[in-house]
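Chain residues, written in single-letter form:
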Amino acid sequence: MTELAAAAGIHYLTKENASFFRTPGGLLGVACGGAEHQPVYLHCSFPHTAGRQWISVRTAEGSEVGMIASIDDFPAETARLLEEFIRLRYYAPAITKVVRIREEFGYSYWETETTAGPCRFTVRSGGGRIQAVGAGRLLITDVDGNRFVIEDIGRLSEKEFRMVEMCL
């Protein structure tokens, strides 16, 4: 992996060469290679299937500081800090109940119950706004860019399934 990483110009961040910290403003920072970068943002390569692996650490300008192969390679305290910032970036309440979906003029209007409480949102039809992100798992992105997850479409009632199915 190191030869390929060198050829691709990838710098891997490990517990030996990087130290992550919370900035005074509550953001994430990293010290590595004799430099300190703050704030930095975490971008998961596979956020819905492997959210703990292959994480790009980037500056506010979008320059990559390095790549984390796995959060699990870091000490527990650092892993918890990284997990916190990943959860914030990829926040997506789970839909626990579909109360109603109404379609009109190229939009669907959802009324749901989620792990964050009752929620109403609008989804533009088509364009991959509802995506399968694993076996039975759906990711729904509303018109404002908010994300919601149906963890297991098989757990929906028949009525809920039919409502969601007409939006797929």
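Residues numbered from 1 in each chain as written. Predicted model: local features only at pLDDT ≥ 70, side-chain atom pairs only at ≥ 80, totals over all residues. Heavy atoms only, no water.

(A) Here's a closer look at the sheet that holds strand β9 (residues 117-124). Ordered by their spatial adjacency, three strands build an open sheet running β7-β8-β9, and the pairing between neighbours is antiparallel. Strands at the two margins of the open sheet, each flanked by one partner only, are β7 (95-104) and β9. Each neighbouring strand pair of the sheet contributes to a mean axis angle of 20°, computed without reference to strand direction. Bridge analysis of β7 against strand β8 (residues 107-114) gives eight bridges, and the strand direction is antiparallel. In the sheet register, R100 faces β8, and the bridge partner there is E111. In this fold helix α3 (residues 158-165) packs onto β7 and β8, with an angle of close to 45° to the strand it touches most, β7. (Pairing = 2+ DSSP bridges. Helix = DSSP H or I, 4+ residues; strand = E, 2+ residues; numbered from the N terminus. Axes fitted to C-alpha atoms, helices over the stretch in contact; angles between N-to-C directions. Contact = heavy atoms within 4.5 Å.)

(B) View of the nonpolar core. Counting 21 residues, the largest nonpolar core has L13, F20, L28, L42, V57, I68 and L82 as its most contacted members. Elements represented by at least two residues in this core include exactly β1 (18-22), β2 (28-32), β4 (40-44), β5 (53-59), β6 (64-70) and α2 (76-89). Residue contributions to this core peak at five residues, all from α2. Sequence-distant contacts of V57, that is, excluding residues within four places in its chain, are made with L13, F20, V30, V40, Y41, L42, S63, E64, V65, G66 and I68. Formed by 16 residues, the second largest nonpolar core is a distinct cluster that contains F121, V123, M163 and V164. (Core = buried A, V, L, I, M, F, W, Y, C linked by side-chain atoms within 4.5 Å. Buried < 20%, exposed > 50% of the residue type's maximum accessible area, 1.4 Å probe, protein only.)

(C) Examining the state of the cysteines more closely. The tally for this structure, following the rule as stated, stands at zero disulfides. No disulfide involves C119; its nearest neighbouring cysteine sulfur is the one of C167, lying 15 Å away. On the basis of relative accessibility, which here comes to 15%, the residue C167 falls in the buried class. (Disulfide = S-S within 2.5 Å.)

(D) Seen up close, the packing of aromatic side chains. All chains considered together, the criterion is met by four aromatic pairs. Arranged with centres 5.7 Å apart and planes meeting at 80°, the rings of F20 and F74 form a pair that is edge-to-face. Highlighted residues: F20 in strand β1 and F74 in the loop between β6 and α2, separated in sequence by 54 residues. Like F20, the residue F74 is buried in the burial classification. Aromatic rings pair up to connect W110, F121 and F148 into one cluster. In this structure, R102 is placed above the aromatic ring of Y109, and the distance from its NZ or CZ to the ring centre is 4.6 Å. (Phe/Tyr/Trp six-rings, centres within 6.5 Å; stacked < 30°, edge-to-face > 60°. Lys NZ or Arg CZ within 6 Å of the ring centre and 35° of its normal.)

(E) Quick peek at the sheet that holds β2. Here we have three strands laid out as an open sheet, ordered β1-β2-β3, and antiparallel in their pairing. The open sheet has two edge strands with one neighbour each: β1 and β3 (35-37). Across the sheet, the mean angle separating the axes of adjacent strands is 20° when strand polarity is ignored. Sheet strands in contact with α2 are β1 and β2, and its direction is about 60° off that of β1.

In short, the description is geometric, and any link to function would need to be established separately.
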